[in-house]
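# An overview of the molecular structure
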Amino acid sequence: MQTVLISGGGIAGPVLAYWLRRQGFAPTVVERAPGQRPGGQAVDIRGVALEVVERMGLLEEARRVRTRMRGMSILDPDGHEVDRSTEATFSSGRLDSEDIEVLRDDLVRMVYEHTREGVEYLFSDSITALDEDETGVRVDFAQGPSRTFDLVVGADGLHSTVRRLTFGPEDRFSHHLGSYLSVFSADNFLALDDWQMWMWPRDGDIGFVGIMPVRDSTELRITSSFASAPLAHDPAALRQLVVDKLASLRWEGTRLAEAARKAPDFHCDGVAQIRMEPWSRGRVTLLGDAGYCPSPFSGQGTSVALVGAYVLADCLAQANGDHCGAYAHYERRMRPFVTLNQALATETGERASDETFERAKNALSLDS
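These notes cover the structure that comes with them. (Residues numbered from 1 in each chain as written. Predicted model: local features only at pLDDT ≥ 70, side-chain atom pairs only at ≥ 80, totals over all residues. Heavy atoms only, no water.)

### Quick word on the packing of aromatic side chains
Counting across every chain of the model gives 15 aromatic pairs. Aromatic pair Phe90 and Trp200: ring centres 5.3 Å apart, planes at 80°, arrangement edge-to-face. Here Trp200 lies in the loop between strand 15 (195–199) and strand 16 (206–214) and Phe90 lies in the loop between strand 6 (88–89) and strand 7 (93–94), a separation of 110 residues in the sequence. When its relative accessible area of 26% is taken as the criterion, Phe90 is described as partly exposed. Between the aromatic rings of Tyr121 and Phe123, the centroid separation amounts to 5.5 Å while the plane-to-plane angle is 10°, which identifies the pairing as stacked. One aromatic cluster is present, built from ring pairs that chain together Phe90, Trp198, Trp200 and Phe208. (Phe/Tyr/Trp six-rings, centres within 6.5 Å; stacked < 30°, edge-to-face > 60°. Helix = DSSP H or I, 4+ residues; strand = E, 2+ residues; numbered from the N terminus. Buried < 20%, exposed > 50% of the residue type's maximum accessible area, 1.4 Å probe, protein only.)

### A closer look at the environment of Val48
Following the sequence through the fold, Val48 ends up in helix 2 (residues 48–55). For Val48, a relative accessible area of 5% corresponds to the buried category. Through-space distance from the C-alpha of Val48 to that of Val307 is 7.2 Å; in sequence the pair is 259 residues apart. Among residues more than four places away in sequence, those in contact with Val48 are Val307, Phe337, Lys361, Asn362, Leu364 and Leu366. (Contact = heavy atoms within 4.5 Å.)

### With respect to the pattern of salt bridges
Working definition: two side chains of opposite charge can pair if their charged atoms are close together. Taken as a whole and judged by the stated rule, the model has 23 salt bridges. Where Arg55 meets Asp367, a salt bridge forms, and the shortest distance between an N and an O atom there is 3.1 Å. Residue Arg55 is located in helix 2, and its partner Asp367 is located in the segment after helix 11 (354–361); the two are separated by 312 residues in the primary sequence. A relative accessible area of 29% places Arg55 in the partly exposed class. Since its relative accessible area comes to 58%, Asp367 is described here as exposed. Each of Asp105, Asp106, Arg215, Glu219 and Arg221 takes part in salt bridges that share partners, so that together they form one network. (Salt bridge = Lys/Arg side-chain N within 4 Å of Asp/Glu carboxyl O.)

### Some points on the packing of helix 9 (residues 301–318) against helix 10 (residues 323–346)
Packing of helix 9 against helix 10 brings their axes to within 8 Å, and their N-to-C directions diverge by 160°. By the angle between their directions, the pair helix 9 and helix 10 is classed as roughly antiparallel. The handedness of the crossing between helix 9 and helix 10 is right-handed. Mapping the contact onto sequence places Val304, Val307, Gly308, Val311, Leu312, Asp314, Cys315, Leu316 and Gln318 in helix 9 and Ala326, Tyr327, His329, Tyr330, Arg333, Met334, Phe337, Val338 and Asn341 in helix 10. For the contact of helix 9 with helix 10, the residue count by class is twelve nonpolar, four polar and two charged. (Axes fitted to C-alpha atoms, helices over the stretch in contact; angles between N-to-C directions. Parallel < 35°, antiparallel > 145°, perpendicular 65-115°, else oblique. Left-handed = near helix turned anticlockwise from the far one by under 90°. Nonpolar A, V, L, I, M, F, W, Y, C, P; charged D, E, K, R; others polar.)

### Remarks on the nonpolar core
Counting 78 residues, the largest nonpolar core has Ile6, Leu16, Ile45, Leu287, Val307, Tyr330 and Met334 as the members making the most contacts within it. In terms of residue count, helix 9 provides more of this core than any other element does, eleven residues in total. Setting aside residues no more than four positions away along its own chain, Tyr330 makes contact with Trp279, Thr285, Leu286, Leu287, Tyr292, Gly308, Val311, Leu312 and Cys315. Core analysis: the next-biggest nonpolar cluster, separate from the first, contains 27 residues, Leu75, Tyr180, Leu190 and Val243 among them. (Core = buried A, V, L, I, M, F, W, Y, C linked by side-chain atoms within 4.5 Å.)

Below, the structure written as structure tokens:
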């Protein structure tokens, strides 16, 4: 039974662990956080990714916990409504679509609960070194003892440690798209009832502010963007920067800034894509944002990760122990799908046409 270490306990890593275990592998997931990370924006499960979730037996639960928006308002900088829609929202697209929008933390919880039996999880730990030879990969951990695995998969996000240790510095592969994106939770101080609000301020460098109620409208998830060249990855400094920018808004600036300052799940990072080839070296390969992040502006990051996890497990299962052949097959199947989905953010702007979007989200068959 081949052992596989997966770095990253978000969505892609545990989904890969699920499929690997089904195929007779022994997966271990290492996650830096002490458990499932709270917060995060709403994410979309679209096109072929819905089939992955269905094959996992999670589609009914995903539909049960999906967001259920009635529509959205577009506000001017003073908070006056200038447009509205009851047919679509900017976070999820058309409201009559078969696609599913769920909170990221709900999807993480669902996948973890579906995999916790039969998958070894190492929380509060991380990889510090990888040393490969002809028999496996010796892995050093920040907390636990060193261990050897047959294969290693980096599913550890935009700032992947596995990618850095295997391929080199992040700046060789990360392509900044000119913006930063923040997301955090707050009490529903606007009393929104399954109704989103979006605003494009005309002053300063704030790109947009989006506010959506979640969890039966008891909570808000607040997203904002601002234009910037790459900044140092300093969480405290980024939070203060967002707080200051929100405070400058004419509409609800004080309360939005205070919510950002207090939020226990505040997150802010650069909007970027990872572009590299190949995605594998030796016994190590990359999955999801670690190898081919399409950026939040594509609207397809979660779906691409779900599909990538399924395809990688399928290729390994077909390879009869030939990991090099499996990794090459994985890349041949996934790269056209990744390229189309990355193009949603770079070639057609933040909101792709319906035709382009439909083509991108369905541009792969799970059974090929």
